[in-house]
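# Overview (structure and organization)
Take a look at the letters that make up each chain.
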Amino acid sequence: MNGFRSILVQIVVLLVLSTGLGLGFNAARPDRKNRINLGKDYFKKVVPVTPTAQQVPGRPNTAVDENGGNDAPADSPREHGYQTVTFEEAFDVYNHPKYENGLYIFIDARDDDHYAEAHVPGAYQVDHYRVEQYLPDVLLEAMGAEKIVVYCNGGDCEDSILVCGDLYEAGVPREALFLYEGGMKEWQKEGAAVQGADD
Amino acid sequence: MERLAQPVEVASARATRARFLVLLARAALGGVFIYMGLVKVADPVEFLQLLHQYPAMSGAWVNSVVVILPWLETLCGVAILLGVVGRAAAIIAVGMLVAFTPLVAMRGLEIYREAAGTLSICDVEFDCGCGAGSVALCSKMLENAVLTSLALIAIFARSQFLCLQNLWTDRTAQQAGS
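Below is a short write-up of the structure. What you see is a predicted model, and the numbers here were worked out from it, not measured in a lab.

### Some details on the layout of surface pockets
Taken as a whole, the largest pocket encloses approximately 1200 Å³ of empty space. If you go around the largest pocket, you meet 37 residues; those closest to its centre are A:Asp156, A:Cys157, A:Asp159, B:Gln49 and B:Leu50. Within the residue set of the lining of the largest pocket, elements represented by two or more residues are α4 (112-117) and α6 (159-169) of chain A together with α2 (44-51), α4 (86-115) and β1 (125-127) of chain B. Within the lining of the largest pocket, the residues separate by chemical class into 10 nonpolar, nine polar and 18 charged.

### Here we look at helix α5 (residues 131-144) of chain A
An α-helical turn contains 3.6 residues, so a residue and the one three or four places further along point in the same direction. All names here are of chain A. The terminal C-alpha atoms of α5 lie 19 Å apart, and with 14 residues this matches the ideal 20 Å at 1.5 Å per residue to within 8%. Within α5, the axis deviates most sharply at Val 138, by approximately 45 degrees. All of the buried residues along α5 are Val 131, Tyr 134, Leu 135, Val 138 and Ala 142. Elements that come into contact with the buried residues of α5 comprise β2 (104-108), α4, β3 (124-125), β4 (147-151) and α6.

### A look at α6(A)
All names here are of chain A. Within α6, nine of the 11 residues are buried, leaving the element largely enclosed by the surrounding structure. Taken residue by residue, α6 has Asp 159, Ser 160, Ile 161, Leu 162, Val 163, Cys 164, Gly 165, Asp 166 and Leu 167 as its buried positions. Two residues or fewer after α6 comes Gly 171, characterised by a positive phi angle close to 115 degrees.

### What to know about the interface of chain B and chain A
By a widely used convention, the size of an interface equals the accessible area lost when the partners come together. Contact residues are listed per partner, giving 24 residues for chain B and 29 residues for chain A. Summing both sides of the interface, chain B and chain A together bury roughly 2300 Å²; the carbon and sulfur share of this comes to 75%. Run the count over chain B and chain A and you get one salt bridge. There are six residue pairs in polar contact (both at pLDDT 80 or more) connecting chain B and chain A. At the level of secondary structure, the elements contributing two or more residues to the side of chain B that touches chain A comprise α1 (7-42), α2, α3 (61-82) and α4 of chain B. Considering each element in turn, the side of chain B that touches chain A owes the most residues, eight residues, to α3(B). Classifying every residue of the side of chain B that touches chain A gives 17 nonpolar, five polar and two charged.

### With respect to the pairing of β4(A)
Remember that side chains alternate between the two faces of the sheet whenever the strand is regular. All names here are of chain A. The buried count for β4 comes to five of five residues, which makes it a mostly enclosed element. A two-sided burial pattern is seen for β4, the buried positions comprising Lys 147, Val 149 and Tyr 151 on one face and Ile 148 and Val 150 on the other. Inspection of the sheet shows β2 paired to β4 by five bridges, in the parallel sense. In the strand pairing of β4, Asp 108 is matched with Tyr 151. The pairing of β4 with strand β5 (residues 177-180) spans four bridges and is parallel. Paired with Val 149 across the strands is Phe 178, a residue of β5. Tracing the backbone out of β4, into α6 and back to the parallel element β5 gives a crossover that is right-handed.

### Considering the packing of aromatic side chains
Applying the stated criterion to the full structure yields 14 aromatic pairs over all chains. For the ring pair A:Phe25 and B:Trp71, a centre distance of 5.3 Å and an interplane angle of 65 degrees mean the geometry is edge-to-face. Remark: B:Trp71 occurs in helix α3 and A:Phe25 occurs in helix α1 (residues 2-28); the pair is interchain, linking two chains. Where A:Tyr94 meets A:Trp187, the ring centres are 5.6 Å apart and the plane angle is 90 degrees; that geometry is what we call edge-to-face. Highlighted residues: A:Tyr94 in helix α2 (residues 87-95) and A:Trp187 in helix α7 (residues 183-189), separated in sequence by 93 residues. Neither residue differs from the other here; A:Tyr94 and A:Trp187 are each classed as buried.

### Remarks on the sheet that holds β2(A)
Residues and elements named next belong to chain A. Strand order in the open sheet formed by five strands is β1-β5-β4-β2-β3, with parallel pairing between adjacent strands. For this open sheet the edge positions go to β1 (83-85) and β3, each flanked by a neighbour on one side alone. Relative to β3, β2 runs parallel, the two being bridged by two bridges. Bridged to Ile 107 within β3 is Tyr 124.

Cut-offs and rules
- Residues numbered from 1 in each chain as written.
- Chains lettered and ligands numbered in written order.
- Predicted model: local features only at pLDDT ≥ 70, side-chain atom pairs only at ≥ 80, totals over all residues.
- Heavy atoms only, no water.
- 1 Å grid on protein atoms, 1.4 Å probe; cavity = no way out; pocket = protein on both sides within 12 Å on 5 of 7 lines; lining within 4 Å.
- Points joined across faces, edges and corners; volume = space filled by probe spheres on them.
- Helix = DSSP H or I, 4+ residues; strand = E, 2+ residues; numbered from the N terminus.
- Nonpolar A, V, L, I, M, F, W, Y, C, P; charged D, E, K, R; others polar.
- Expected span 1.5 Å × (residues − 1).
- Bend = angle between axes of the 7 residues up to and from the residue.
- Buried < 20%, exposed > 50% of the residue type's maximum accessible area, 1.4 Å probe, protein only.
- Contact = heavy atoms within 4.5 Å.
- Buried area = accessible area lost by both parts, 1.4 Å probe.
- Salt bridge = Lys/Arg side-chain N within 4 Å of Asp/Glu carboxyl O.
- Polar contact = N/O pair within 3.5 Å; in protein donor to acceptor, adjacent residues only side chain to side chain.
- Pairing = 2+ DSSP bridges.
- Right-handed = clockwise from strand over helix to strand, strands pointing away.
- Phe/Tyr/Trp six-rings, centres within 6.5 Å; stacked < 30°, edge-to-face > 60°.

Have a look at this one:
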């Protein structure tokens with residue numbers, strides 16, 4: 001019985017020590033980018049309010065450019081609530097003159113390694129899991145943009161949806177946010193231009 | 001005339017072999033846990049993202065798991081390797097393996113079903129978040145079975161060969177005796 005009790009005490013000691021080390025190291029870790037915010041739900045999807053009253057009569061819920069035509073008409077928002085764009089539509093945004101002057105922007109929702117390896121030329125980066133470090137630098141550009149195309153790797157990657165949520169919560173209007181679901185994988189597969197570590 | 005080994009000598013040789021086997025089991029298990037734990041300590045964000053693939057791991061409480069579990073793994077690895085509260089550490093190790101192996105298996109089956117016959121079950125490969133990167137499901141199951149066996153050896157073996165805890169208690173006993 002004594003042996004059993006002794007083992008139990010040792011287990012508790014190990015658990016308490018690990019908890020202390022884990023919490024302490026997280027609070028004090030020198031690489032702040034890897035600090036985990038214990039109270040934050042990192043995977044909470046922010047579904048924006050759909051502004052039905054603001055729809056242009058007879059047109060789907062799309063942004064309208066200054067020439068009066070439809071910009072890259074978006075698909076109906078999926079469960080996540082954001083407008084989506086196909087590769088062709090994203091490519092049109094990339095080639096549009098407004099991309100040069102910052103009225104249209106791309107945001108890469110992946111981490112440093114993926115971004116450095118290859119990203120859409122001129123794309124900003126917002127890492128959702130380190131959003132406090134990334135968002136302030138990008139927010140000013142995002143607030144002034146008419147169209148923001150957010151992407152990650154594509155496929156079942158959800159980071160672009162999460163970054164859309166971060167931008168929306170920071171005050172970027174839903175109408176300006178577009179999700180490129182094909183992501184970097186499709187962009188590269190289609191042979192579109194990329195910028196990377198070698199550039 | 002050849003001298004036959006005496007029963008005592010045979011028993012002694014067996015005991016020595018057993019001691020070294022137990023030591024090897026502790027070293028292997030401890031080493032793996034230390035490595036896997038430190039990989040997760042170094043990049044908790046990646047660990048968080050990988051845990052999200054398991055339906056059971058949702059909610060803000062998972063953040064605490066991300067922060068504490070790698071240290072528990074590392075500490076248990078050190079304890080098992082050095083033979084200090086090694087038995088307790090091995091019990092925790094078995095607990096972790098028993099808790100996570102079914103989750104990994106279910107995730108592997110989910111990927112297999114999604115592949116709709118394009119993959120065999122053993123070809124299913126994904127990063128389970130254990131710290132070893134992307135691995136094939138069958139290899140992972142085998143690896144976990146081996147680690148569980150090593151942990152059970154560490155729990156039930158009588159040998160305390162090169163256990164720091166015993167060296168410490170022996171020295172204390174000697175000092176008390178003298």
